[in-house]
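Tertiary structure, described
Below are the chains, spelled out letter by letter.
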Amino acid sequence: MSAPIYEVEGLVIDLYTPTVSVRAVDGSGFHVSPGETLAIVGESGSGKTVMTLGPLGLLPEGVAVDLRGTARADGKDILSMSPGDLSRLRGGFFGVIFQDPMSALNPMLKIGPQLAEQARRYAGLSAEASRKEAVSLLARSGIPDPEDRYDRYPHELSGGMLQRAMIALALAARPRVLIADEPTTALDATVQAQILALIRQIQKEDGIAVILITHDIGAVSVLADRVAVLYAGQVAEEGSAIDVLTAPVHPYTRGLLASVPDFRSDSASGTKEIPGIPPNQAQLVAGCRFADRCDQVEPQCHTRRPALQTVGVGPVPHRVACPVVIAAEGIVTHD
Amino acid sequence: MQRMFMRRTGLALLLMLAATALTFWLVTAAPGNVAALIAERAAGAGADGEMIARIANDLGLNDPLPVRYARWLGNALTGDFGISLRTGKPMADEFAERIPMTLALLAGGGVLALILSLAMGIAGAASNGGPLDRALHGLALVGASTPNFFVAALLVIVFSVWLGWVPTFGTAGLTSWLLPWITIALFPASVLARVVRVNLQDTMSRPFATTGFAKGLTRQAVLLREALPNIAIPFMTTFGAQFTLMIIGAIVVERVFGLNGVGAFFIEAIRFRDFIGMQATLTLFVVFFVSINLIVDLLAMLADPRLRRPRKA
Amino acid sequence: MKKWPWAILAPAILFVLIGIFSPWLMTHDPAAQDYSALLTGPSGAHWLGTDYLGRDMFSRIIGGARTSLVAMVFVLVAALAIGVVIGSFAGYVGGKTELVLISVIDIALALPSLVIALALMGVFSGANFDWMSDYWKMIVALTMAWWANYARMSRAVVVAELQQPYIEAARVMGASHIWIFSKHILPHVLGLVVVYASADAGALVLAIATLSFLGLGVAPPTPEWGQMLVDGMSYIEENAALVIIPGLALTAVVVSFNLLGEAFALQKVPRAVRGRLLSRKKAARSAEDVARKAVEA
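These lines cover the structure that appears in this document, whether it is placed above or below. (Residues numbered from 1 in each chain as written. Chains lettered and ligands numbered in written order. Predicted model: local features only at pLDDT ≥ 70, side-chain atom pairs only at ≥ 80, totals over all residues. Heavy atoms only, no water.)

Once that is clear, we can look at the overall build of chain C. Looking only at helices and strands, one finds 10 helices and zero strands in chain C. In chain C, the succession of α and β elements from N to C terminus is α-α-α-α-α-α-α-α-α-α. Computed over its C-alpha atoms, the radius of gyration of chain C comes to 25 Å, more than 25% above the 19 Å expected for a compact globule of 297 residues. Put simply, chain C has 297 residues, and 48% of those count as buried. Considering only contacts within chain C whose residues lie at least 6 apart along the sequence, 68% involve residues at least 24 apart. Summing over all exposed atoms, chain C offers an accessible surface of approximately 13,900 Å²; the carbon and sulfur share of this is 69%. Taking the 21 positively charged and 19 negatively charged side chains of chain C as two groups, their mean positions are separated by 17 Å. (Helix = DSSP H or I, 4+ residues; strand = E, 2+ residues; numbered from the N terminus. Rg over C-alpha atoms; globule rule 2.2 N^0.38 Å. Buried < 20%, exposed > 50% of the residue type's maximum accessible area, 1.4 Å probe, protein only. Contact = heavy atoms within 4.5 Å. Areas by Shrake-Rupley, 256 points an atom, 1.4 Å probe, with all protein chains shown as cover. Lys, Arg positive; Asp, Glu negative; His and termini not counted. Charge placed at Lys NZ, Arg CZ, Asp CG, Glu CD.)

In structure tokens, the structure reads:
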């Protein structure tokens, strides 16, 4: 794998609202390189979106954000960038696809001109050329009759079409990194598969880096080269998709994979749920955050924060933050 | 779309009819009033009950109410609004003289309110909680609380009495329009500025604003190009409501600055029991208000793309 | 309702208190004329000076507070009563009655309240209304101009509440109409309407003052701020205080009521944490961080 194009380390993000203070990201990081797809997996509230979009300043207004750590895009430090430079980076270097296209697109603006403007501003195309580019992007995203759709408003398209339009919008500036934040959650099952296939095709053709934020393990298995599993703002496990999905080590990852229903299995108990309730991220907790739901818990889990340890050999490091399982199963660490 | 237009217009016409009927009933319910006043004018103190009764009969004031209303309506539609009991001039003439003045006041005030409110609201949103935002909030609050006659008085005190920049009464040249326009515009501008500010804030926290940032736009750009179009409808609706309220400002301003408009005439009509004048002016007001509301509703329908082109597939 | 910034309510509360206790707060009889002290400035004897008839400004301002307060309360209570009754009735009964009442309400709302009040003052100038004093003409005119908005609001709430499942449940259990209305629906109506009225009070005070300013409201010698202002206009060059003092009083009271209304309205709009609150929260967070590190060390 080539050098990472978007990397984040030691990120701590606190969110403040009038009623509550939440630590959404608690000392986590990730990196993604051109041509590879990183899936960031976790339940709602695990901090996946905040961790990925936070360094870019793309969190909704109305919440005060306190962000510490390092973040680099194409080798440059983005946290100390001027606002103007950061804006250009957001527009031209990164492309973002949001979860619900119906609310993520401005109801008062036509779709086509937004694409054309991105192409004009970031790809340096002329007005005429950018219009053509916009139409071809819509076509490439699988939208039929793109010339007609160019002048439409969001409410005139179906959910699936809108998501394709948003993908086209994200690509219009010819970004080097594509961030897809739960791109299929708001869509029907059949459309979901199509969208995922589209993303994979785009990556193959353009060689961009893709970050897929999702809680859908199925999507992960289809698209991802690497996976990072997040729990309560901390990285529980990360590694290549094969390693993490077929040989998970962390109790949370194991629990997560066991809870995915497999319609092919015959057994009466199809899924096993993880006991306990989701973590309350308004409080800081010492030690491992998964401790109170874990079946392997030991006293040290409540007082020592588990560090990520490298297990297994291979081109892509497989790292796990659970000394208990590592010790219990005699897994060899390579740190 | 067309049918919505037609429906709204039809309702508006019905409303005008009903409102004018109601005001007609209220104002001219006691026929004796009008006849008595006419008699007074003609014969002074010598007007006796017999004379009043005769006048009432001649003018058909004893006919049943619907007949009188129909008669009045028929006249009104041909432009005959009767003769003012106070000035003795045909109402149509009074209107011809006075409507331009009031319209000029309303137009200038409206434009000023539009510009001021947008400027204040957008500047506040751009500052987003900073000192400018809070200062403008305070300014809007005071502007929406100060009685317009006090504003007029203060402006006169400062600019006419103390500084002597602007003539106190009448309209001589453009500068003498300034104080009346500012007085009329201050309240609506303040209310509208808050509407703009609050709606912009609400819009900026919606998902598509984040998409705007993701497109690489600066905050100003997101504010002006993504958020602003979304406040068009609440803005227009409030502007329409405030514009109709401006007639009260016009009434006060015409009194304070001694201007010759419809508002001043209305007050005089009330004070001098000029029922014909009152009725005619109220009709004018009703037509004005209902029309403005209709126009605003229609414009709001046009402004929303979701109503312009209904969903296809 | 979040924690109340009591500073917001201060002028309004002050207004009410001054209005209630005004006879005891006055230093002079507000109608007493003193030709030896015309248009004087503030002094030991007259804290805010005197007007063009030698009347004490301070006492007149205090008296004006009472005039406005009393009139405002009369109108609000009457308009609320009429509006809530008509609106709730319309919403509850439904059918043709509702349609008729809605039309009446819409017509009443076709003109701004003050214009309706002015028109009614005009109607009341007719001979058959001579038995009413000017003051009561104003009260009635304003009441009839103000009720329609509350009627519309009440009806909307009633219609919305009637669709709630618990109403159906109550009916099945055999509750009478009156019971359902007074126990279940009325509280919702009153809740919304009273909130609105508290902010509306400011507009009403302005309306009373405007009517008096135009000579169609409270007549001298009863002190009223709008009327004091219009009288003072003639003396603007000699002593602007006659105009400024009542004007400031009016503005202060209305600002307070408007702040009240805003405080209610702004609860739904998301506002970011900033300034001192933010620093405090951050400090709390760092403290928690340090504590946690100590445990994990």
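Here we come to the sheet that holds strand β8 (residues 209–214) of chain A. Residues and elements named next belong to chain A. Taken in spatial order, the eight strands of this open sheet run β6-β7-β8-β3-β9-β10-β12-β11, and their pairing is mixed. Both edges of this open sheet fall to β6 (94–97) and β11 (309–311), since each of them pairs with a single strand only. The sheet shows a mean angle of 20 degrees between the axes of neighbouring strands, taken without regard to direction. Sheet topology note: the β6/strand β7 (residues 177–181) ladder contains four bridges and is parallel. Residue pairing across strands places Gly 95 opposite Leu 178, the latter belonging to β7. Contacting β6 and β7, helix α7 (residues 159–171) crosses the sheet at an angle of about 170 degrees to β6. Those strands touched by helix α11 (residues 251–258) are β3 (37–41), β9 (226–231) and β10 (234–240), and its axis lies near 105 degrees from that of β9. (Pairing = 2+ DSSP bridges. Axes fitted to C-alpha atoms, helices over the stretch in contact; angles between N-to-C directions.)

This part takes up the packing of aromatic side chains. The tally for this structure, following the rule as stated, stands at 26 aromatic pairs over all chains. Taken together, a centroid distance of 6.2 Å and an interplanar angle of 20 degrees make the contact between Phe235(B) and Phe239(B) stacked. Taken as a pair, Phe235(B) and Phe239(B) lie in helix α11 (residues 232–256) at a separation of four residues, close to a single helical turn. The burial state of Phe235(B) is the same as that of Phe239(B); both residues are buried. One aromatic cluster is present, built from ring pairs that chain together Phe235(B), Phe239(B), Phe243(B), Phe266(B), Phe285(B), Phe288(B) and Phe289(B). Looking at Arg131(A), its charged tip hangs above the ring of Tyr150(A), at a distance of 4.2 Å from the centre. A cation over a ring is seen here: Arg55(C) above Tyr52(C), with NZ or CZ 5.8 Å from the ring centre. (Phe/Tyr/Trp six-rings, centres within 6.5 Å; stacked < 30°, edge-to-face > 60°. Lys NZ or Arg CZ within 6 Å of the ring centre and 35° of its normal.)

This part covers the environment of Pro112(C). Considering the arrangement of structural elements, one finds Pro112(C) in the loop between α3 (95–108) and α4 (113–124). Non-local contacts of Pro112(C), meaning those with residues more than four positions away in its chain, are made with Thr244(B), Leu245(B), Ile248(B) and Phe289(B).

Here the focus is α11(A). Among the residues of α11(A), Pro251(A), Tyr252(A), Thr253(A), Gly255(A) and Leu256(A) are the ones counted as buried. Buried residues along α11(A) sit against β3, α9 (217–223), β9, β10, α10 (241–246) and α12 (323–328) of chain A.

A word on a nonpolar patch on the surface. All names here are of chain C. Taken together, the side chains of Ile 13, Val 16, Leu 17, Ile 20, Phe 21, Trp 24 and Leu 25 define a hydrophobic patch exposed on the protein surface, amounting to about 670 Å² of accessible area. With respect to the secondary-structure elements, Leu 17 resides in helix α1 (residues 6–25). On the basis of relative accessible area, Leu 17 is assigned to the partly exposed category, the value being 39%. (Patch = residues over 30% accessible without salt bridge, like charges linked within 9 Å, V, L, I, M, F, W, Y side chains within 5 Å. Salt bridge = Lys/Arg side-chain N within 4 Å of Asp/Glu carboxyl O.)

A word on the environment of Glu94(B). Residues and elements named next belong to chain B. Topologically, Glu 94 is positioned in helix α5 (residues 91–127). Taking the C-alpha atoms as reference, Glu 94 lies 8.7 Å from Phe 265; in sequence the two are 171 residues apart. Setting aside residues no more than four positions away along its own chain, Glu 94 makes contact with Thr 87, Lys 89 and Phe 265.

Residue and element names in this part refer to chain A. Summarising burial for strand β1 (residues 6–16): nine of the 11 residues are buried, a large majority. In this sheet, strand β2 (residues 21–32) lies alongside β1 in antiparallel orientation, the contact comprising nine bridges. Bridging across to β2, Leu 11 finds its partner in Ser 28. Hairpin connection between β1 and β2: a loop of four residues separates the two successive antiparallel strands. Pairing analysis gives nine bridges linking β1 to strand β4 (residues 64–73), with the strands arranged antiparallel.

As enumerated under the stated definition, the model contains zero disulfides over all chains in all. Cysteine Cys288(A) is unpaired, with the sulfur of Cys301(A) as its nearest cysteine sulfur at 6.0 Å. (Disulfide = S-S within 2.5 Å.)

It is worth spelling out the interface of chain B and chain C at this point. Across the contact, 49 residues belong to chain B and 47 residues belong to chain C. Regarding the contact of chain B and chain C, the summed buried area is about 3,900 Å², with carbon and sulfur atoms giving 78% of it. Linking chain B to chain C there are one salt bridge. In this structure, the salt-bridge partner of Asp130(C) is Arg273(B), at a minimum N-O distance of 3.6 Å. At the surface where chain B touches chain C, the tally comes to two residue pairs in polar contact (both at pLDDT 80 or more). Mapped by element, the contributors of at least two residues to the side of chain B that touches chain C are α1 (2–28), α6 (131–145), α7 (148–162), α8 (175–204), α11, α12 (262–271) and α13 (275–303) of chain B. Taken together, the residues of the side of chain B that touches chain C sort by class into 34 nonpolar, 10 polar and five charged. (Buried area = accessible area lost by both parts, 1.4 Å probe. Polar contact = N/O pair within 3.5 Å; in protein donor to acceptor, adjacent residues only side chain to side chain. Nonpolar A, V, L, I, M, F, W, Y, C, P; charged D, E, K, R; others polar.)

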